[in-house]
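Structural characterization, general
Given next are the chains, with one letter for each unit.
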Amino acid sequence: MLDQLTYFQHYIERVKRLVGQEKTNHILAKGLAIVVAGSNDLAITYYGQGAQSLIYDVDYFTSVMANSAASFVMQLYGYGARQIAVIGAPPLGCTPSQRTLKGGLLRNCAQDLNYASQLFNAKLSITLDQLAKTLPNSNLIFIDMYSPFSDILKNPQDYGFEEIKKGCCGTGLVEAGPLCNRFTTSVCSNISSYIFWDSFHPTQRFYKSLTKILFDRYIHRLS
Ligand SMILES: *[C@@H]1O[C@H](CO)[C@@H](O)[C@H](O)[C@H]1NC(C)=O
C-alpha cells in the first residue's frame, strides 16, 4: 500500500513536468482515486494462514483496518487528490474456498467471514464520513459492493450466471491463483456462466456485471 503512494507521488511529478503546477492541481482535484483493499487482510491475515484471529477479536482487527484506510485516504488527500472512492469488502464468506472449508455439505457461505466483512464496511463507511468533515473540499465516497455482490449471488439467473458455488478452474473447490494453470488444470466449458474463476477470484464477466451496478449507483456522487 505504501508503494502505491510512492507511485502516485512519481506520477504527480511527471504530470507537473508536462503541464505545470496549476494544471496538475486541477487534474488531481477533478480526478478520481479508487482504493480497493481488505479482502486478503480478512480472509488470509485474519482468518487464514496469518491466523491473527487467534490473537485479536474481529472488532479490534476491523477497527485497525478502517483506521489504516483512513490514514491512506489522508495521505492521498495530502498529495492533492480530492475525490477518493474507497470500496468496501465483498461477502468473503461466499467464495468457493470458504464454502469448501466451512460451508458443510450444502456449501453454504461462511458466516464468520461475512460478518467480518460487514463489520469492516460499517466502520469504513463511518470513518470516511467523519474524515470528510475534516478535509476541506474533499469528496470521499464509500462504495458498498457487499450488497450488489449478494444480490447477484441470490439471483444469479437474473444476470446470466449458472454456477455460484464453485470456481471455473479445476475442481472449483480449492484451487486458486497459480494452482490454476494450463498444465495442471481443466477449465469449465463456459467461463461466462460462472461467478468465480477460481476458488477466490470472480470472473471477468462477474466484474462487468458488478461494475455496471456500482457505476449506475455512484456516478452522481462525482463532481
Ligand atoms: C455462456 O454463458 C453465457 C452467460 O450465461 C451465455 O450468454 C452464453 O450463451 C453461454 N455460451 C454457451 C456457448 O453456452
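Heads up: the structure comes first, above all this text.
The paragraphs below set out a description of the structure included in this document. (Residues numbered from 1 in each chain as written. Predicted model: local features only at pLDDT ≥ 70, side-chain atom pairs only at ≥ 80, totals over all residues. Heavy atoms only, no water.)

Here's the deal with the overall build of the protein chain
Looking only at helices and strands, the protein chain has 8 helices and 5 strands in total. The helix and strand sequence of the protein chain, counted from the amino end, reads α-α-β-α-α-β-α-α-β-α-β-β-α. Seen through its principal axes, the protein chain has C-alpha atoms that stretch 60 × 40 × 35 Å. Split into buried and exposed, the 223 residues of the protein chain put 44% on the buried side. Restricting the contact set of the protein chain to residue pairs at least 6 apart, pairs at least 24 apart contribute 70%. As presented, the protein chain carries roughly 12,400 Å² of accessible surface, and 57% of it is formed by carbon and sulfur atoms. Taking the average place of the 20 positive charges on the side chains of the protein chain and the average place of its 16 negative ones, the gap between the two points comes to 6 Å. (Helix = DSSP H or I, 4+ residues; strand = E, 2+ residues; numbered from the N terminus. Buried < 20%, exposed > 50% of the residue type's maximum accessible area, 1.4 Å probe, protein only. Contact = heavy atoms within 4.5 Å. Areas by Shrake-Rupley, 256 points an atom, 1.4 Å probe, with all protein chains shown as cover. Lys, Arg positive; Asp, Glu negative; His and termini not counted. Charge placed at Lys NZ, Arg CZ, Asp CG, Glu CD.)

A closer look at the packing of helix H7 (residues 146-154) against helix H8 (residues 204-218)
The contact between H7 and H8 brings their axes to 10 Å, and the two run at 130°. As the angle between them shows, H7 and H8 are arranged oblique. Once H7 is placed against H8, the crossing between them reads as right-handed. Residue-level inspection shows Pro148, Phe149 and Ile152 of H7 in contact with H8, the latter providing Phe206, Ser209, Leu210, Ile213, Leu214 and Arg217. Looking at the contact of H7 with H8 residue by residue, the classes come out as 7 nonpolar, 1 polar and 1 charged. (Axes fitted to C-alpha atoms, helices over the stretch in contact; angles between N-to-C directions. Parallel < 35°, antiparallel > 145°, perpendicular 65-115°, else oblique. Left-handed = near helix turned anticlockwise from the far one by under 90°. Nonpolar A, V, L, I, M, F, W, Y, C, P; charged D, E, K, R; others polar.)

Description of the packing of aromatic side chains
Scanning the model with the defined rule gives 9 aromatic pairs in all. Taken together, a centroid distance of 6.1 Å and an interplanar angle of 20° make the contact between phenylalanine 8 and tyrosine 11 stacked. Of the two residues, phenylalanine 8 and tyrosine 11 are both situated in helix H1 (residues 2-19); the distance of 3 residues between them amounts to about one turn of the helix. Here the guanidinium or amino end of lysine 102 rests over the ring plane of tyrosine 47, the centre of that ring lying 4.7 Å away. (Phe/Tyr/Trp six-rings, centres within 6.5 Å; stacked < 30°, edge-to-face > 60°. Lys NZ or Arg CZ within 6 Å of the ring centre and 35° of its normal.)

Focus: the side chain of arginine 107
Along the chain, the position of arginine 107 falls in the loop between helix H5 (96-102) and helix H6 (111-134). There is no salt bridge for the buried arginine 107, and the closest opposite charge comes from glutamate 163, which lies 6.4 Å off by N-O distance. One polar contact links arginine 107 to threonine 100, side chain to side chain, over a distance of 3.0 Å. In this structure, arginine 107 is in contact with Pro96, Arg99, Thr100, Lys165, Lys166, Gly172 and Leu173, ignoring residues within four places of it in sequence. (Salt bridge = Lys/Arg side-chain N within 4 Å of Asp/Glu carboxyl O. Polar contact = N/O pair within 3.5 Å; in protein donor to acceptor, adjacent residues only side chain to side chain.)

Describing the nonpolar core
In this structure, Leu42, Leu76 and Ile84 are the most contacted members of the largest nonpolar core, which totals 34 residues. For this core, the element with the highest residue contribution is helix H4 (residues 58-78), accounting for 9 residues. Other than its neighbours up to four places away in sequence, leucine 42 contacts Tyr47, Phe61, Thr62, Met65, Ala89, Leu92, Leu113, Ala116, Ser117 and Phe120. Ranked by size, the runner-up nonpolar core spans 19 residues in total, among them Cys94, Phe149, Leu153 and Leu210. (Core = buried A, V, L, I, M, F, W, Y, C linked by side-chain atoms within 4.5 Å.)

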